[in-house]
Amino acid sequence: MVTFLIGLVILFGGGALYGKFCERVFGPDDRPTPAYTKQDGVDYIPMRGWKNGLINLLNIAGTGPIFGPIQGILFGPIAFLTIPIGNIIGGAMHDYFSGMICLRDGGAQMPASIRRYSNKGVYGIYQVFCSLLLLLVGAVFIYTPGDIAAKGIFGFSGEPTAVSTWVIYGVIFLYYLVATVFPIDAIIGKIYPVFGAILMFSAVGVFIGLFAKGYPLLNIWDDWQGVAFQAFKTVDGASVPFNYGEYFSAGHFFPVFFVTVACGILSGFHSTQTAIISRTMKTERQGRMTFYNMMVLEGFIAMVWAAAAMGVYNLGLQAANGGATGTVIIVCKDILGSVGGVVALLGIVVLPITSGDTALRGLRLAIAESLHIDQSSNAKRLSLSAIIFALVAVILVFAKFNAEGFNILWRYFAWANQTLSLFAFLVIAVWMFENGKSKYVWIPLIPGGFYAFITVTFIANAEIGFHVPWTGAYVIGICAALAYVAIILWYGKKRAAILLK
């Protein structure tokens, strides 16, 4: 438990210090924001600071900070340290600068920022990559909340042949369509405070329950192979010891952990969401609370669920390989009881739904902006949304009916999510060169280089990738990271030199 508490101190204390440093580097001022200069009553609308922060938190916090840590904690208590450190210098910084740059550039969506700070080739790759990721996000964030609602709240089977499964999916689909098409303050701005209250009850309730129920947690200095700390997993119907130390040794912590635990540490998807909120902020000075601190809160959610999962595993309440959905249901009901557990599960359902709706909204905005498609009326927004939703439906049906469909979907989603962040780090670095802040370019390049190594190594070795043996994959990953950093430094200096002429 002590390592978990140390991790929380690092998260909140380090977040306060590094967040303030990032704010000083960017330099927010009192210039008019796009919410006023481009106010259109649909996407550009001034909203209160607390509402912007809450919407951004719900936008970025999907099932990633829950399902990812539940699987990542199998690597042991080192997760209690890597999650907060990565969150502070990687994820929260990524969210702050990407959101603020979009805000400073007139509320531009990320594709426009990529085009502005790179070249046509990179922009073209990003457009395809980002569109595919947002489609995957839309499908994943219908699948996971739908199954949790079906199995954990309503007691249905969740099977692909059950009518109840598709009714629940259909309700989520309908909400997504409404939230994607109508003005941001008409649906999202009204209903998110309710969703936020449920979310906080869920996260805080589970956090308090960790102590009230006395969940046993490993410390980083404990014997990870000690019998007292062995969780259990099911193999061929029999319970056998699960060993964190052995899993860590054999599981390739680098890169697997950092792809598995995505949203609590870093998520490229977030840059597409902060861009949406950049159009509703009243002042640049709200940025640290809206962008940086909300990612720190997502890190807290990830920490809570990592701890809850370890406690459940160590108590033998849930097999270590019994599935993330089952672990979520057991944690909520064991800690908060039947009624409280159902309310907590509603909070879990809220997270992906409030990310899926704005993911598809962001995709609509990005496509419209790139192709210059008028979105001034509901009919025009609906026609573009219909194409997007049809593609999401195809992915969802495949994932549900194919035995390995969801596993394939999740692996591509997790890898693509981290890879997308490399584009945002590029934007942040080049922006610094262009704005006389080149001495701070290490801020994006340290996590950018690290995740270039992580994502390239993973896809080089993975079954969904190129099947390169681990030694070769690590060499390729290191070379890719060095090339990524070197190219950005060269390109950034080149752009800065051109501006000085």
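Our subject is the structure listed above.
These remarks concern the structure in this document. All residue numbers here refer to positions counted from 1 along the written sequence of the relevant chain. In keeping with the model being predicted, local features are shown solely for residues with a pLDDT of at least 70 and side-chain atom pairs are shown and tallied solely at 80 or more, while totals for entire chains, interfaces and linings include all residues. The side-chain numbers reported here are obtained from all heavy atoms of the structure, hydrogens and water having been left aside.

1. Points about the overall build of the chain
- Helix and strand counts for the chain come out as 18 helices and two strands.
- The globule rule puts the C-alpha radius of gyration for 501 residues at 23 Å, and the 22 Å found for the chain is close to it.
- With the C-alpha coordinates of the chain rotated into their principal frame, the extents come out at 70 × 50 × 40 Å.
- For the chain, the proportion of its 501 residues judged to be buried stands at 60%.
- In this description, contact between two residues means that some pair of their heavy atoms is separated by no more than 4.5 Å. Contacts in the chain between residues far apart in sequence, at least 24 positions, make up 81% of those at least 6 positions apart.
- Shrake-Rupley sampling with a 1.4 Å probe provides the accessible areas, and residues are treated as covered by the protein chains on show and by no other component. Only carbon and sulfur atoms are counted for the fraction: they give 69% of the accessible area of the chain, which is about 18400 Å².
- Under this rule, positive means Lys or Arg and negative means Asp or Glu; His and the chain ends count for nothing. Note on charges: their place is set at NZ of Lys, CZ of Arg, CG of Asp or CD of Glu. Between the mean site of the 31 positive side-chain charges and the mean site of the 23 negative ones, the chain shows a separation of 10 Å. Every helix listed is a DSSP run of H or I at least four residues long, and every strand listed is a run of E at least two residues long, numbered separately from the N terminus. For the radius of gyration, the atoms used are the C-alpha atoms, and the globule rule reads 2.2 Å times the number of residues raised to 0.38. Note on classification: 1.4 Å probe, protein chains only; a residue is buried when its accessible area is under 20% of the maximum for its type, exposed when over 50%, partly exposed between these limits.

2. Quick word on the nonpolar core
- In plain words, nonpolar cores are sets of buried Ala, Val, Leu, Ile, Met, Phe, Trp, Tyr and Cys residues tied together by side-chain atoms within 4.5 Å. Ranked by internal contacts, the top residues of the largest apolar core, which has 164 residues, are Phe 97 and Trp 305.
- For this core, the element with the most residues is helix α16 (residues 405-434), which contributes 20 residues.
- When neighbours within four sequence positions are excluded, Trp 305 is seen to be in contact with Pro 65, Ile 66, Pro 69, Ile 70, Val 206, Val 328, Val 331, Cys 332 and Ile 348.

3. Considering the environment of Val 256
- Examined against the element boundaries, Val 256 turns out to sit in helix α11 (residues 253-260).
- Among the residues examined, Val 256 registers a relative accessible area of 19% and is labelled buried.
- Sequence separation of Val 256 and Ala 486 is 230 residues, and the distance between their C-alpha atoms is 25 Å.

4. Description of the side chain of Ser 271
- Mapped onto the elements of the fold, Ser 271 is located in helix α12 (residues 269-277).
- Taking relative accessible area as the criterion, Ser 271 reaches 1% and is therefore assigned buried.
- In this view, Ser 271 contacts His 94, Ser 98, Met 110, Tyr 126 and Ala 424; residues no more than four positions away in its chain are not counted.

5. A short note on helix α1 (residues 2-26)
- The end-to-end C-alpha distance of α1, which contains 25 residues, comes to 35 Å, matching closely the 36 Å that a straight helix rising 1.5 Å per residue would cover.
- One axis is fitted to the seven residues ending at the residue and one to the seven starting there. The bend at that residue is the angle between these axes. A bend of about 30 degrees at Gly 15 is the largest found in α1.
- Gly 27, located one to two residues past α1, shows a positive phi value of around 80 degrees. To estimate how far a helix should reach, multiply one less than its number of residues by 1.5 Å.

6. Describing the packing of aromatic side chains
- Here a pair means two rings of Phe, Tyr or Trp (six-membered ring of Trp) with centres within 6.5 Å. Their orientation is stacked below 30 degrees between planes, edge-to-face above 60, and tilted elsewhere. Here the structure, examined in full by the defined rule, presents 38 aromatic pairs.
- Ring plane angle 85 degrees and centroid distance 6.2 Å describe the contact between Phe 254 and Phe 450, whose orientation is recorded as edge-to-face. A residue pair is termed long-range when its members are at least 10 positions apart, and Phe 254 in helix α11 and Phe 450 in helix α17 (residues 442-461) qualify at 196 residues.
- Aromatic pair Phe 257 and Phe 258: ring centres 5.1 Å apart, planes at 85 degrees, arrangement edge-to-face. Neither Phe 257 nor Phe 258 differs from the other in exposure class; each is buried.
- In textbook terms, an aromatic cluster arises when at least three aromatic residues are bridged by ring pairs, as seen for Phe 75, Tyr 247, Phe 248, Phe 253, Phe 254, Phe 257, Phe 258, Phe 450 and Tyr 451.
- We call a charge positioned above a ring when the Lys NZ or Arg CZ atom is no farther than 6 Å from the ring centre and deviates by at most 35 degrees from the ring normal. The ring of Tyr 143 carries Lys 400 above its face, with NZ or CZ at 4.7 Å from the centroid.

7. Details of unusual backbone geometry
- For the bond from Phe 254 to Pro 255, the omega torsion is 10 degrees, close enough to zero to count as cis.
- Structurally, Pro 255 is set in helix α11.
- The phi torsion at His 372 lies on the positive side, around 55 degrees, for a residue other than glycine.
- Residue position: His 372 is located in the loop between α14 (324-371) and α15 (378-401).
- The phi angle at His 467 is positive, at roughly 60 degrees, despite the residue not being glycine.
- Along the polypeptide, His 467 turns up in the loop between α17 and α18 (470-500).
- His 467 sits in the exposed class, given a relative accessible area of 54%.

8. Describing a nonpolar patch on the surface
- There is a patch of nonpolar side chains on the surface, built from Val 2, Ile 6, Ile 220 and Trp 221 and spanning about 360 Å² of accessible area.
- As for its placement among the helices and strands, Ile 220 is situated in the loop between α9 (188-212) and β1 (231-235).
- For Ile 220, a relative accessible area of 31% puts it in the partly exposed group. Exposure above 30% relative accessible area and the lack of any salt bridge qualify a residue for a patch; like charges then connect within 9 Å, and the nonpolar side chains Val, Leu, Ile, Met, Phe, Trp and Tyr within 5 Å. Any carboxyl oxygen of Asp or Glu within 4 Å of a side-chain nitrogen of Lys or Arg constitutes a salt bridge here.

9. Section: the pattern of salt bridges
- For the coordinates displayed, the defined rule picks out twelve salt bridges.
- Here Arg 364 and Asp 43 are joined by a salt bridge, their closest N and O atoms 3.9 Å apart. Remark: Asp 43 occurs in the loop between α2 (34-37) and α3 (49-60) and Arg 364 occurs in helix α14; sequence separation between them is 321 residues. With respect to burial, Arg 364 and Asp 43 carry one shared label: buried.
- Between Glu 434 and Arg 116 there is a salt bridge whose closest N-O contact spans 2.9 Å. Placement of the pair is Glu 434 in helix α16 and Arg 116 in helix α6 (residues 110-117), with a sequence separation of 318 residues.

10. Details of the packing of α6 against helix α7 (residues 120-153)
- Each axis is a line fitted through C-alpha atoms, taken for helices only over the stretch in contact, and angles between the N-to-C directions span 0 to 180 degrees. Look at α6 against α7: their axes get within 8 Å of each other, and the N-to-C directions meet at 160 degrees. Of the possible angle classes, the one that applies to α6 and α7 is roughly antiparallel. Handedness of the crossing formed by α6 with α7: right-handed. Here α6 contributes Met 110, Pro 111, Ile 114 and Arg 115 to the contact with α7, which in turn contributes Val 122, Tyr 123, Tyr 126 and Gln 127. Roughly parallel means an angle under 35 degrees; roughly antiparallel means over 145; roughly perpendicular covers 65 to 115; every other angle is labelled oblique. Left-handed describes a crossing in which the near helix is turned anticlockwise from the far one by less than a right angle; the clockwise case is right-handed.

11. Things to note about the state of the cysteines
- By definition, disulfides here are pairs of cysteine sulfur atoms that lie within 2.5 Å. Counted according to the given criterion, the structure contains zero disulfides.
- With no disulfide of its own, Cys 263 lies closest to Cys 130 among cysteine sulfurs, the gap being 14 Å.
- According to the relative accessible area criterion, Cys 263 is buried, its value standing at 2%.

12. Remarks on the side chain of Gln 286
- Tracing the backbone shows Gln 286 in the loop between α12 and α13 (287-315).
- Aside from chain neighbours lying at most four places away, what touches Gln 286 is Gly 49, Asn 52 and Met 281.

13. Some remarks on the packing of α7 against α14
- One way to put it is that α7 packs onto α14 with a least axis distance of 8 Å and a crossing angle of 150 degrees. On the basis of the axis angle, α7 is roughly antiparallel to α14. Seen from above, α7 lies across α14 with left-handed handedness.
- A breakdown of the residues in the contact of α7 with α14 according to their chemical character gives 21 nonpolar, ten polar and two charged. Basically, the charged four are Asp, Glu, Lys and Arg, the nonpolar ten are Ala, Val, Leu, Ile, Met, Phe, Trp, Tyr, Cys and Pro, and anything else, Gly included, counts as polar.

Spatial relationships are all this shows, so hold off on functional conclusions.
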